[in-house]
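Residue-level structure breakdown
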Amino acid sequence: MPLMPRLIMGVLVLAALNLPAVAQYPSKPITVIVPFAAGGPTDVVTRLVCEHMSRTLGQPIIVENVGGAGGTLGMTRAAQAQPSGYTIAVGNMGTQSAAPALYPNLKYDPAKSFAQVGIVNFTPQAIVAKKDTAAGSLKEFIHFLKTNHSKLSYGHAGVGSISHVAGLVFNAKFSLEPTLVPYRGTGPAIQDLVGGQLDYMIDQSLNVIPQIKAGTIKVYAIAAPERLASLPDVPTTVEGGSDFIFSAWNAMVAPKGTPTDIVTKLADALSKALDDPVVQARYVELGSSVPKGADRGPTGLQKLVESEIAHITPIIKAAGVIAN
Ligand code: MLT
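Counting starts from 1 at the beginning of each chain's written sequence and moves along it residue by residue. Reporting in this predicted model follows two pLDDT cut-offs: at least 70 for local features of residues, and 80 or more for side-chain atom pairs to be given and counted; totals over whole chains, interfaces and linings ignore these cut-offs and use all residues. Only hydrogens and water are set aside when side-chain values are computed; all heavy atoms of the structure are taken into account.

What about the site of the ligand?
When we say a residue is near a molecule or strand, we mean one of its heavy atoms is within 4 Å of it. Around the ligand lies a shell formed by Phe36, Gly40, Pro41, Thr42, Asn92, Ala157, Ser161, Ile162, Ser163, Gly185, Thr186 and Gln204. Contacts to the ligand include isoleucine 162, whose backbone N or O atom sits 2.8 Å from an oxygen atom. In this structure, an oxygen atom belonging to the ligand sits 2.7 Å away from a side-chain N or O atom of serine 163. The protein chains shown are the only cover counted for residues, whose accessible areas, like all others here, come from Shrake-Rupley with a 1.4 Å probe. Protein contacts shield 100% of the accessible area of the ligand, which totals 270 Å² for the unbound molecule. Grid points spaced at 1 Å over the protein atoms alone were grouped into cavities, where a 1.4 Å probe fits but cannot get out, and pockets, open sets with protein on both sides within 12 Å along at least five of seven lines, with lining residues defined by an atom within 4 Å of a point. Occupancy of a cavity or pocket is assigned to a molecule whenever over half of its atoms lie within 2 Å of that pocket's grid points. One can see that the ligand is located within the largest cavity. Only DSSP runs of H or I reaching four residues or more are called helices, and only runs of E reaching two or more are called strands; each is numbered from the N terminus. Every element with two or more residues in the shell around the ligand is listed here: α2 (41-57) and α6 (162-173). For the purposes of these results, a polar contact is taken to be a pair of N or O atoms within 3.5 Å, where, inside protein, one atom must be able to donate a hydrogen and its partner to accept one; residues adjacent in sequence count only when each atom of the pair is a side-chain atom.

Following this line, the structure appears as structure tokens:
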């Protein structure tokens, strides 16, 4: 038989062999890589939606925390995983839009190396400090930072993470040069802020709300145009006299090449979780918002990744920071 018909036959056989696998997906537990430490914002929101998704899909979704290098280690692992639907990941605005500008040798392209599944949440950043910080308002705090920054420490989740990039933009805006202290996630970093080993952070609201409510850290502002329903007494940066607005997001992806039917099943299960009243109520408590219908799914996420890369790259380049 000539070569071409044999090749076509081969592809058809492979596809035929694959069909049951897609139809029966998932037939075993799924692993979701979280590229930051357990207990942090990306971990918390991943566990919340995956608990619901596992009920829809009828298989457990097991979280594997793979921290390091601002989350790019875990996302590299996800990009290089088998495109079978059994390894997925939840990255964020840092790993999926800022990392290319900071890591010249990044081993994945957020816009090309993944099958986008969908946006998990949006959450504004909060400007927080250790609880005995004297300043009483955002204005006073910025003044305090301007006069003391060389003696202060700023905690973040590694170069390219959201907390790192938010710090980069904020510190550049007010010409601040604190000591930057990297962690494998803002989960462990916030513990050091509570303990007074760090002076300030700019972190996802969902990670700091419990500490703010417990009074174990001080909050100066939410970097958003509107106040959070869960923190009605906390002013926005705009109310505090600054135009520093910083919205973050987390998003679910699968390795490029994952069958479209499987990606659709995952996206539908994620969307179903986001429509669940229990998940929605928890999101409000956590200062998070659910992506609107049109923004959901692979197309909405692809658009977001491309527009955020275009937005953040010149800002990072202007700051002249490169991961070594
Ligand atoms: C985390 O889960 O630790 C954060 O998402 C890290 C970050 O990007 O700031």
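Regarding the nonpolar core
By nonpolar core we mean a set of buried residues, namely Ala, Val, Leu, Ile, Met, Phe, Trp, Tyr and Cys, connected to one another through side-chain atoms within 4.5 Å. Categorising residues by exposure relies on relative accessible area from a 1.4 Å probe, with only protein chains included: less than 20% of the type maximum marks a residue as buried, more than 50% marks it as exposed, and the intermediate range marks it as partly exposed. Ile127, Phe141, Phe170, Tyr200, Phe246, Trp249 and Leu301 are the most contacted members of the largest nonpolar core, which totals 51 residues. No other element matches helix α11 (residues 297-319), which puts six residues into this core. Should any heavy atoms of two residues lie within 4.5 Å, those residues are considered in contact. Residues in contact with tyrosine 200, not counting those within four places in the same chain, are Val128, Ala129, Phe141, Leu145, Ser153, Tyr154, Gly155, Phe170, Asn171, Leu176, Pro178 and Leu193. In terms of nonpolar packing, the next biggest core, distinct from the first, is built from 30 residues, Val45, Tyr86, Leu266 and Ala269 among them.

Section: the pairing of strand β1 (residues 30-34)
Taking burial as the measure, the five residues of β1 include four buried ones, the bulk of the element. Relative to strand β2 (residues 61-65), β1 is paired through five bridges, and the arrangement is parallel. Paired with valine 34 across the strands is asparagine 65, a residue of β2. The parallel pair β1 and β2 is bridged by α2, and the resulting crossover is right-handed. Relative to strand β3 (residues 87-92), β1 runs parallel, the two sharing three bridges. Among the inter-strand pairings, isoleucine 33 is bridged to a residue of β3, identified as alanine 89. For two strands to count as paired, DSSP must find a minimum of two bridges between them. Crossover handedness is defined by viewing with both strands directed away from the observer: a clockwise path from the first strand over the helix to the second marks the crossover as right-handed.

Things to note about the packing of aromatic side chains
For Phe, Tyr and Trp, rings pair up if their centres lie within 6.5 Å, where Trp contributes its six-membered ring, and each pair is then called stacked (planes under 30 degrees apart), edge-to-face (over 60) or tilted (otherwise). Within this structure, the stated rule accounts for nine aromatic pairs. Arranged with centres 5.1 Å apart and planes meeting at 65 degrees, the rings of tyrosine 154 and tyrosine 200 form a pair that is edge-to-face. Residue tyrosine 154 is located in strand β5 (residues 153-156), and its partner tyrosine 200 is located in strand β7 (residues 200-204); the two are separated by 46 residues in the primary sequence. Centroid distance phenylalanine 170 to phenylalanine 244: 5.2 Å. Interplanar angle 75 degrees. Geometry classified as edge-to-face. Taken together, the residues span a long stretch of sequence, with phenylalanine 170 in helix α6 and phenylalanine 244 in the loop between β8 (217-222) and β9 (247-255) at a distance of 74 residues.

As for α11
Multiply 1.5 Å by the residue count of a helix minus one, and that product is the helix's expected span. Over its 23 residues, α11 extends 33 Å from the first C-alpha to the last, a length consistent with the 33 Å expected when each residue adds 1.5 Å. A residue's bend is the angle separating two fitted axes: one through the seven residues that end there, the other through the seven that start there. The largest bend in α11 amounts to roughly 25 degrees and is located at isoleucine 312, with the proline proline 314 lying one to four residues further along. Those residues of α11 that are buried lie in contact with α4 (93-102), β4 (114-130), α6 and β9. Downstream of α11 by one or two residues, glycine 320 has phi in the positive range, about 65 degrees.

Focus on the environment of isoleucine 316
Tracing the backbone through its elements, the reader meets isoleucine 316 in helix α11. Residue classification places isoleucine 316 among the buried residues on the basis of a relative accessible area of 0%. Put simply, isoleucine 316 and lysine 107 are 209 residues apart on the chain and 19 Å apart in space, counted from C-alpha to C-alpha.

Some details on the side chain of threonine 186
Tracing the chain through its elements places threonine 186 in helix α7 (residues 186-194). Overall, the relative accessible area of 6% leaves threonine 186 in the buried class. Here the side chain of threonine 186 touches aspartate 203 through a polar contact of 3.2 Å, side chain to side chain. Dropping the residues within four chain positions of it, threonine 186 is found in contact with Pro41, Ala157, Ser163, Met201, Asp203 and Asn207.

Some words on the pattern of salt bridges
One speaks of a salt bridge when a side-chain nitrogen belonging to Lys or Arg is within 4 Å of a carboxyl oxygen belonging to Asp or Glu. Counted according to the given criterion, the structure contains nine salt bridges. One salt bridge in this structure joins arginine 77 and glutamate 64, with 2.9 Å as the shortest N-O distance. Taken as a pair, arginine 77 in helix α3 (residues 72-79) and glutamate 64 in strand β2 lie far apart in primary sequence, 13 residues in all. Arginine 227 serves as the salt-bridge partner of glutamate 239, at 2.8 Å between the closest nitrogen and oxygen. Separated by 12 residues along the polypeptide, glutamate 239 in the loop between β8 and β9 and arginine 227 in the loop between β8 and β9 bring together distant segments of the chain. Overall, the relative accessible area of 47% leaves glutamate 239 in the partly exposed class. Arginine 227 sits in the partly exposed class, given a relative accessible area of 37%.

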